[in-house]
Amino acid sequence: MGAFFLYNTQSFNEAKLNSVKDVYVQKGFHEPKQFHLGSYGLLLYQKQLVNYENFYEEDEGAIYVVGTVIYRGLGYSETIRAMLHDFYNHTLAYDELLGNYCAIIHCKGQIHILNDALNVCELFEDVDRTFVTSSFLAAAESMERLTIDRLTAQEKLLTGYIVGENTLFNEVKRVIPQTRTGNSAWEVHKWEPFQVPESDNNRTESVKERAETIKQFFAKIENIAREYPPELGLSGGYDSRMLFAGSQGSWPFKLDLHTHSTEGVKIHDVEKEIVKEMAKQTGTPLQIVPTHNMDYYQEEDVEDILKDGYYFFDGRCAYNMGAFSPVYTRKYKCQAVSGHGLTLNGLGGENYRNYYMNIKPLVSTKQWMKAKVYPCAVEDVLAKEDFNKLHRTIVEKMDRLLPIKWGKVVSNFDTRRYYSEMRMPDCDALNCNAHNQMEFYLTPFIDRSMIADAYRGRKYVGVSGQYQADIIHELSPLVASFDSHYGYAFDKKEPFKRTIYMLVRGILPDFIWNARIRLLTRKTRNTNGNLKYFNRVREKSKFLDAAASYAESLFPEINFDNLRLDYAMMPNSTYISVVLYMLRDKINVGE
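Presented here is a report on the structure given in the accompanying data block.

Calculation rules
- Residues numbered from 1 in each chain as written.
- Predicted model: local features only at pLDDT ≥ 70, side-chain atom pairs only at ≥ 80, totals over all residues.
- Heavy atoms only, no water.
- Helix = DSSP H or I, 4+ residues; strand = E, 2+ residues; numbered from the N terminus.
- Rg over C-alpha atoms; globule rule 2.2 N^0.38 Å.
- Contact = heavy atoms within 4.5 Å.
- Areas by Shrake-Rupley, 256 points an atom, 1.4 Å probe, with all protein chains shown as cover.
- Lys, Arg positive; Asp, Glu negative; His and termini not counted.
- Charge placed at Lys NZ, Arg CZ, Asp CG, Glu CD.
- Salt bridge = Lys/Arg side-chain N within 4 Å of Asp/Glu carboxyl O.
- Buried < 20%, exposed > 50% of the residue type's maximum accessible area, 1.4 Å probe, protein only.
- Patch = residues over 30% accessible without salt bridge, like charges linked within 9 Å, V, L, I, M, F, W, Y side chains within 5 Å.
- Core = buried A, V, L, I, M, F, W, Y, C linked by side-chain atoms within 4.5 Å.
- Expected span 1.5 Å × (residues − 1).
- Arc of directions from axis to C-beta.
- Phe/Tyr/Trp six-rings, centres within 6.5 Å; stacked < 30°, edge-to-face > 60°.
- Lys NZ or Arg CZ within 6 Å of the ring centre and 35° of its normal.
- Pairing = 2+ DSSP bridges.
- Axes fitted to C-alpha atoms, helices over the stretch in contact; angles between N-to-C directions.
- Disulfide = S-S within 2.5 Å.

## Observations concerning the overall build of the protein
Of the regular secondary structure elements, the protein holds 23 helices and 18 strands. The C-alpha radius of gyration computed for the protein amounts to 23 Å, which stays within 12% of the reference 25 Å derived for 591 residues, consistent with globular compactness. Along the first, second and third principal axes, the C-alpha atoms of the protein reach 65 × 55 × 50 Å. Considering only residue pairs separated by 6 or more positions, the protein has 74% of its internal contacts joining residues 24 or more positions apart. When the accessible surface of the protein is summed, it comes to about 23500 Å², and 49% of that surface belongs to carbon and sulfur atoms. Counting 70 positive and 76 negative side-chain charges, the protein places the averaged centre of each group 6 Å from the other.

## Description of the pattern of salt bridges
Side chains that carry opposite charge are capable of pairing whenever their charged atoms lie near each other. Scanning the entire structure with this criterion turns up 34 salt bridges. Two residues, Asp295 and Arg536, come together in a salt bridge whose shortest N-O distance is 2.6 Å. Of this pair, Asp295 sits in the loop between strand 14 (286–292) and helix 9 (299–312) while Arg536 sits in helix 20 (residues 529–540), placing them 241 residues apart in sequence. Note that Glu379 and Lys370 form a salt bridge whose closest N and O atoms lie 2.6 Å from each other. What makes Lys370 buried here is its relative accessible area of 13%.

## Side note on the side chain of Glu60
Relative to the helices and strands, Glu60 is located in the loop between strand 4 (55–58) and strand 5 (61–71). Although buried, Glu60 forms no salt bridge, and the nearest oppositely charged side chain, Lys108, lies 9.3 Å from it. With residues near it in sequence (within four places) discarded, Glu60 still touches Leu84, His85, Tyr88 and Cys107.

## Some details on a positive patch on the surface
On the surface, a cluster of positive charge is contributed by Lys366, Lys384, Lys389 and Arg392. A total of three residues in the positive patch trace back to one element, the largest contributor, which is helix 12 (residues 384–401). Its place among the elements puts Lys366 in helix 11 (residues 365–372). Classification of Lys366 by relative accessible area gives partly exposed; the value is 31%.

## A short note on the nonpolar core
Leu158, Phe324, Tyr418 and Leu580 are the most contacted members of the largest nonpolar core, which has 115 residues in total. The biggest single contributor to this core is helix 23 (residues 569–582), with eight residues. When residues no more than four places from it in sequence are discounted, the contact partners of Phe324 are Met294, Leu306, Tyr533, Phe534, Val537, Leu544, Met570, Pro571 and Thr574. By size, the runner-up hydrophobic cluster in this structure holds 66 residues, among which are Met83, Ala103, Ile105 and Leu475.

## Details of helix 18 (residues 496–507)
Over its twelve residues, helix 18 runs 16 Å from end to end, which matches the ideal 16 Å to within 8%, given 1.5 Å per residue. For helix 18, the full list of buried residues reads Met502, Arg505 and Gly506. Seen along its axis, helix 18 keeps its buried residues to an arc of 100 degrees; they face one direction. Exposed residues pointing more than 90 degrees away from the buried face of helix 18 are listed as Phe496 and Lys497. Summarising the contacts, the buried residues of helix 18 are in contact with helix 19 (510–523).

## Section: a nonpolar patch on the surface
A contiguous nonpolar patch, built from Phe496, Ile500, Leu503, Val504 and Ile507 and spanning about 460 Å² of accessible area, is present on the exposed surface. With respect to the helices and strands, the residue Val504 is situated in helix 18. On the basis of relative accessibility, which here comes to 47%, the residue Val504 falls in the partly exposed class.

## Observations regarding the environment of Trp368
Structurally, Trp368 can be placed in helix 11. Sequence-wise, Trp368 and Asp510 are 142 residues apart; in three dimensions their C-alpha atoms are separated by 5.7 Å.

## Details of the environment of Ile80
Along the chain, Ile80 falls in helix 2 (residues 76–88). Considered as a pair, Ile80 and Tyr56 are 24 residues apart in the sequence and their alpha carbons are 7.0 Å apart. Look past the residues within four positions of Ile80 in its chain and what remains in contact with it is Glu53, Asn54, Phe55, Tyr56, Ile63 and Val65.

## A closer look at the packing of aromatic side chains
Applying the stated criterion to the full structure yields 46 aromatic pairs. Relative to Phe12, the ring of Phe5 lies with its centre 5.5 Å away and its plane at 75 degrees, an arrangement referred to as edge-to-face. Of the residues examined, Phe12 reaches a relative accessible area of 7% and is grouped as buried. Counting every residue linked through ring pairs, the aromatic cluster contains Tyr355, Tyr356, Trp368, Trp406, Tyr418 and Tyr419. Its end group placed over the ring of Phe440, Lys47 keeps NZ or CZ at 4.9 Å from the ring centre. Above the face of the Tyr88 ring, Lys108 is positioned so that its terminal group lies 5.2 Å from the ring centre.

## Observations regarding the sheet that holds strand 4
Across the sheet, five strands lie side by side as 4-5-6-7-11; this open sheet has mixed pairing. The two strands at the open ends of the sheet, each matched to only one other strand, are strand 4 and strand 11 (186–188). Ignoring strand direction, the axes of neighbouring strands in this sheet form an average angle of 15 degrees. By the bridge criterion, three bridges tie strand 7 (residues 110–115) to strand 11 in an arrangement that is parallel. When the bridges of strand 11 are listed, Ile111 appears paired with Trp186. Contacts from helix 2 reach strand 4, strand 5, strand 6 (97–107) and strand 7 within the one sheet, and its direction differs from that of strand 5 by about 125 degrees.

## What about the state of the cysteines?
On inspection of all chains with the given rule, the structure shows zero disulfides. No disulfide involves Cys317; its nearest neighbouring cysteine sulfur is the one of Cys427, lying 8.5 Å away.

## Some thoughts on the sheet that holds strand 14
If you trace the five strands from one edge of the open sheet to the other, you get 14-13-12-15-18, paired in parallel fashion. Among the strands making up the open sheet, the edge pair consists of strand 14 and strand 18 (440–442). Within the sheet, the average angular offset between the axes of one strand and its neighbour, ignoring direction, is 25 degrees. Set on the sheet, helix 8 (residues 266–282) makes contact with strand 13 (256–263) and strand 14; between it and strand 13 the angle comes to about 155 degrees.

Note that all results are geometric; they support no functional claim without further evidence.
Below, the structure is given as structure tokens:
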């Protein structure tokens, strides 16, 4: 995003500051620019793959920016200058800010911090608020010792992400403006509460309006795309396809493509052929960087990949992404986006379809969470009493952070709000923090204005993906005409068999689905491919074995083998093991 570290100069001696700087060296950053904001020092790092100035200073004040921000449709330099000018004059139009970013504004002797409305650009501070930073690892390395927040670590292990201000360690807190209290040297902007718009009343018009909003977004980011050549990671599914369709005809220049191609990952083989055909038929440049699954690599390569991912994703991973694969490394990122300065990603497009397969008006909160929030068979991973305590803690945080009452039952739409306003920003959007270190990176469908617009079509989401497919077709009939990895193209009605399957899944009570998951995992435990895959790599990697053994010793209450049965929680738990192991010299296991 690049990165920043703002610190109290009296609290940081040279040795302590050097330990922070070393983290950024390991992450691949160049030398920082250093600024003095009163009694505070600021280390400001530029992005690693693009040459630009991410600050602007003049007599009325200064602004320092990380992440990706667009204001009033301006280019990047004009954006940060206009932000400073409007902030100084109390005319900043917050609803015209797009992207995932943090701006530090030093004005009239006061430090102001403004990050995006959904806190996608995560910030961290110590409990005494002697520093604030965009890097979790820098925060952790600045501490003399670390103690594990056990409940939060359990939450991360069982869900793949963390809700709220807690982190793995008691000494480091995430900055959540809406719940942050007390004083500090920096003022953190609190956004106005999210307003849910009325639903559309005509499906045909709703599809056209969603398509028009996507085109308008492309118009707003055209200037930054002119400055920094854009590209898109394209898969065989809905969400990146919808972005690609939106780009068609929106700009007088091409949006280039890249796609994953990991040997041994079957879906990559399918998607690669789909994307190659789309690129050919639309005349779009395509970059493919072949990789392998972890079985392929030798011991030293496994360690290099795990450490690269540790630094690139900054000690943070998300459910089903950011871990145990060469595609989640800085090395791969440099190869995949070579020659480009802006990447678009379709994360959050799930809001336009029934991705989570729920059509019941009301659901049991606990059973729904066991089916959709905890991916593993929780009864086989954590003792019932421990799980109930963890579950209560997570629900309390959700209740505090979302304007929804999480009672014994919750509505269908409220679960959709959870996915869009909490799970996506706190979980999958961690990609933004990793990739924004390298170049400009945008996830349009996780922008608050786009989420609000998507809610307008909630009546028409239906049982599966037809509504989103129709939006794609409205944007570009040609792009909609290609097959998807679901086995059908988006310019035709969804196959009846698929619709029936999604309907049954949507109607099926969550407690039945939970029972099915437990039954299948117990029945296939000895033949489970995820666990076997992990164990094969563990056997040949001393580093992975040491990391896994260390985590297992710290959390005897967690059945790691049962956790690794799930395809997403295996890499997630592996990443957490690496984080704990890499920081083991600071961790006080006696507390």
